[in-house]
Amino acid sequence: MNTKLLMSASAIVLGAIGILLSFLPDEILEYAGASSVAFFPVILQLLGAAYLGFAMLNWMARANLIGGVYSRPVAIGNLMHFIVGSMALLKAAFAGPGSTPLWVVGAVFASFAILFAKVTFTHPIKDTSTKQPA
């Protein structure tokens, strides 16, 4: 599996979510129909900061060998984030009508969860097709 592509894609998705949460918390709350309690925007901004940090971690680790025992903390962190996130998003999507954005984001998170599970629990196989002549 091309883990560089997976890490880059997850960094871009997490970074986009982080930017939205950091810079548009009031608009997100309004779209969600949530009451604008004074500290809700701050909580969304803190969550956005966490997503941006996770995005940077994935971006910086994209060239590392990942899988099996290699970069295991990065793989496990991503796996847990995407499993728990997809479960929460899909549970919320099942709860009410008109939850298309939750279905879409939940499907994206579930896809990343499956891919990170594969990366976490398989050994990275190095490409042996380019053998050097003796």
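Residues numbered from 1 in each chain as written. Predicted model: local features only at pLDDT ≥ 70, side-chain atom pairs only at ≥ 80, totals over all residues. Heavy atoms only, no water.

**Section: unusual backbone geometry**
Okay, step 1: Despite not being glycine, Ser71 shows a phi value in the positive range, around 50°.
Okay, step 2: In this structure, Ser71 sits in the loop between helix 3 (40–60) and helix 4 (72–95). (Helix = DSSP H or I, 4+ residues; strand = E, 2+ residues; numbered from the N terminus.)

**Notes on the nonpolar core**
Okay, step 1: Of all hydrophobic cores here, the largest spans 21 residues; its most connected members are Met7, Leu14, Phe82 and Phe116.
Okay, step 2: When residues of this core are traced back to their parent elements, those giving at least two are helix 1 (3–23), helix 3, helix 4 and helix 5 (100–121).
Okay, step 3: Not counting residues within four places of it along the chain, the set of residues in contact with Phe116 comprises Leu6, Met7, Ser10, Ala75, Asn78, Leu79 and Phe82. (Core = buried A, V, L, I, M, F, W, Y, C linked by side-chain atoms within 4.5 Å. Buried < 20%, exposed > 50% of the residue type's maximum accessible area, 1.4 Å probe, protein only. Contact = heavy atoms within 4.5 Å.)

**As for helix 4**
Okay, step 1: With 24 residues, helix 4 extends 34 Å between its outermost C-alpha atoms, agreeing within 8% with the 34 Å of an ideal straight helix rising 1.5 Å per residue.
Okay, step 2: Every buried residue of helix 4 is accounted for by Val74, Ala75, Asn78, Leu79, His81, Phe82, Gly85, Ser86, Leu89 and Ala93.
Okay, step 3: Along its buried surface, helix 4 packs onto helix 1, helix 3 and helix 5. (Expected span 1.5 Å × (residues − 1).)

**Re a nonpolar patch on the surface**
Okay, step 1: Taken together, the side chains of Ile12, Met56, Trp59 and Met60 make up a nonpolar region of the molecular surface, amounting to roughly 450 Å² of accessible area.
Okay, step 2: In terms of residue count, the dominant contributor to the nonpolar patch is helix 3 (3 residues).
Okay, step 3: Locating Trp59 in the fold gives a position in helix 3. (Patch = residues over 30% accessible without salt bridge, like charges linked within 9 Å, V, L, I, M, F, W, Y side chains within 5 Å. Areas by Shrake-Rupley, 256 points an atom, 1.4 Å probe, with all protein chains shown as cover. Salt bridge = Lys/Arg side-chain N within 4 Å of Asp/Glu carboxyl O.)

**Topic: the environment of Ser111**
Okay, step 1: Note on placement: Ser111 falls in helix 5.
Okay, step 2: Counting along the chain gives 29 residues from Ser111 to Phe82, while the straight-line C-alpha distance between them is 8.5 Å.

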